[in-house]
Amino acid sequence: MSATMQQDFGDQPIERRETDNYRSEYVKSFVDKWDDLIDWDSRARSEGDFFIQVLKDRGARRVLDVAAGTGFHSVQLIEAGFDVVSADGSPEMLAKAFENARRRGHIMRTTQADWRWLNRDIYGRYDAVVCLGNSFTHLFNENDRRKALAEFYSALNHDGVLILDQRNYDAILDHGYSSSHTYYYCGDNVSVAPEHVDEGLARFEYRFPDKSTYHLNMFPLRKAYVRRLMREVGFQNIDTYGDFKETYREHEPDFFIHVADKH
Ligand code: SAM
């Protein structure tokens, strides 16, 4: 595991708009704090069994979590009885996920894989691919987004399903930031807020109780744009939920969750 403790965005942090940023953003000290930021118990309470229900309704068994992070969804899905493989491009994240799973009595199957070349590193086909926790936002150019979606598509069985979520960036871009932090960032005493937002960058600051701060540079995905890309890559029947609900006012949800069929 890399022992890097400091993030380094250089002199012009808002110029850092590259897909590869994620490799240096999730430094060890940030990853170690990540679980304070996304307190597992309150997160589990706010999400309920939404993902488990969507997967069960489709008869999914084999699930590939492509953005395992520290392992929250992978562990939830293992505990719900799914056959889960956990992938992530960050070895720090995977190490943390494995450790978190082991503490809960599970041996997590992990694979380090960048989405752009996913099928080089994973084996077989899956009934579902999940890409959760506002992860797809890390891709900074359209080619990478198309490539990643195409890789998710081909990792699926013919009747497979993709579940991919994102922050409601339309609301942030059009109306400003007003998250109640109910769904994902529910750790106590951790503040999460955008530091800079334009059509090509959402730079968020994460401030922890010990006064340490970290940043993530992300691409502000508009909802209609993501749905169009998914459709163009071949996904069908794309349903988009707002904070886990089928009906919502466009600017109200913090997060959108896209559920799309391969065929
Ligand atoms: N799903 C987890 C959660 O909800 O807690 C983690 C979310 S975290 C915001 C985003 C994750 O996506 C990180 O673990 C990061 O390493 C991973 N990631 C970002 N870009 C990636 C890429 N191109 N390929 C593979 N993993 C990537």
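To keep things clear, this report deals only with the structure shown in the data block. (Residues numbered from 1 in each chain as written. Predicted model: local features only at pLDDT ≥ 70, side-chain atom pairs only at ≥ 80, totals over all residues. Heavy atoms only, no water.)

Details of the sheet that holds strand β7 (residues 201-207)
Then comes step 1: Within the open sheet, the three strands sit side by side as β6-β7-β8. Their pairing is antiparallel. Edge positions in the sheet fall to β6 (191-198) and β8 (213-218), since each of these pairs with one other strand and no more. Each adjacent strand pair in this sheet contributes to an overall mean axis angle of 20°, direction not counted.
Then comes step 2: Bridge analysis of β6 against β7 gives seven bridges, and the strand direction is antiparallel. (Pairing = 2+ DSSP bridges. Helix = DSSP H or I, 4+ residues; strand = E, 2+ residues; numbered from the N terminus. Axes fitted to C-alpha atoms, helices over the stretch in contact; angles between N-to-C directions.)

Examining empty space enclosed by the protein
Then comes step 1: Inspection of every chain in the model, using the stated rule, returns five cavities of 30 Å³ or more.
Then comes step 2: Reported here for the largest cavity is a volume of approximately 390 Å³.
Then comes step 3: Contributing to the lining of the largest cavity are 31 residues, with A67, G69, D88, L132 and S135 lying nearest its centre.
Then comes step 4: Considering each element in turn, the lining of the largest cavity owes the most residues, three residues, to helix α5 (residues 72-79).
Then comes step 5: Taken together, the residues of the lining of the largest cavity break down into 14 nonpolar, twelve polar and five charged.
Then comes step 6: As a volume, the second largest cavity reaches approximately 60 Å³.
Then comes step 7: Taken together, the elements giving at least two residues each to the lining of the second largest cavity come down to α4 (50-57) and α5. (1 Å grid on protein atoms, 1.4 Å probe; cavity = no way out; pocket = protein on both sides within 12 Å on 5 of 7 lines; lining within 4 Å. Points joined across faces, edges and corners; volume = space filled by probe spheres on them. Nonpolar A, V, L, I, M, F, W, Y, C, P; charged D, E, K, R; others polar.)

Let's talk about unusual backbone geometry
Then comes step 1: Residue K211 is not a glycine yet carries a positive backbone phi of 75°.
Then comes step 2: Mapped onto the elements, K211 comes out in the loop between β7 and β8.
Then comes step 3: Backbone geometry at D243 places phi at a positive 45°, although glycine is not the residue there.
Then comes step 4: In this fold, D243 is placed in the loop between β9 (236-242) and β10 (255-261).

Considerations on the side chain of D127
Then comes step 1: By secondary structure assignment, the location of D127 is in strand β4 (residues 126-131).
Then comes step 2: Put simply, D127 is tucked away with no salt bridge, and the nearest opposite charge, on R61, sits 5.1 Å away.
Then comes step 3: Only 2.8 Å separates the side chain of D127 from the backbone nitrogen of R62, close enough to count as a polar contact.
Then comes step 4: If sequence neighbours within four positions are ignored, D127 has contacts with A60, R61, R62, L156, N157, G160 and V161. (Buried < 20%, exposed > 50% of the residue type's maximum accessible area, 1.4 Å probe, protein only. Lys, Arg positive; Asp, Glu negative; His and termini not counted. Salt bridge = Lys/Arg side-chain N within 4 Å of Asp/Glu carboxyl O. Polar contact = N/O pair within 3.5 Å; in protein donor to acceptor, adjacent residues only side chain to side chain. Contact = heavy atoms within 4.5 Å.)

Considerations on the side chain of E25
Then comes step 1: Here E25 shows up in helix α1 (residues 21-25).
Then comes step 2: As a buried residue without a salt bridge, E25 has its nearest oppositely charged side chain in R203, at a separation of 6.1 Å.
Then comes step 3: A polar side-chain atom of E25 sits 2.8 Å from the main-chain amide nitrogen of N217.
Then comes step 4: Among all residues touching E25, those that are not within four sequence positions of it are Q7, F9, F30, H138, H215, L216 and N217.

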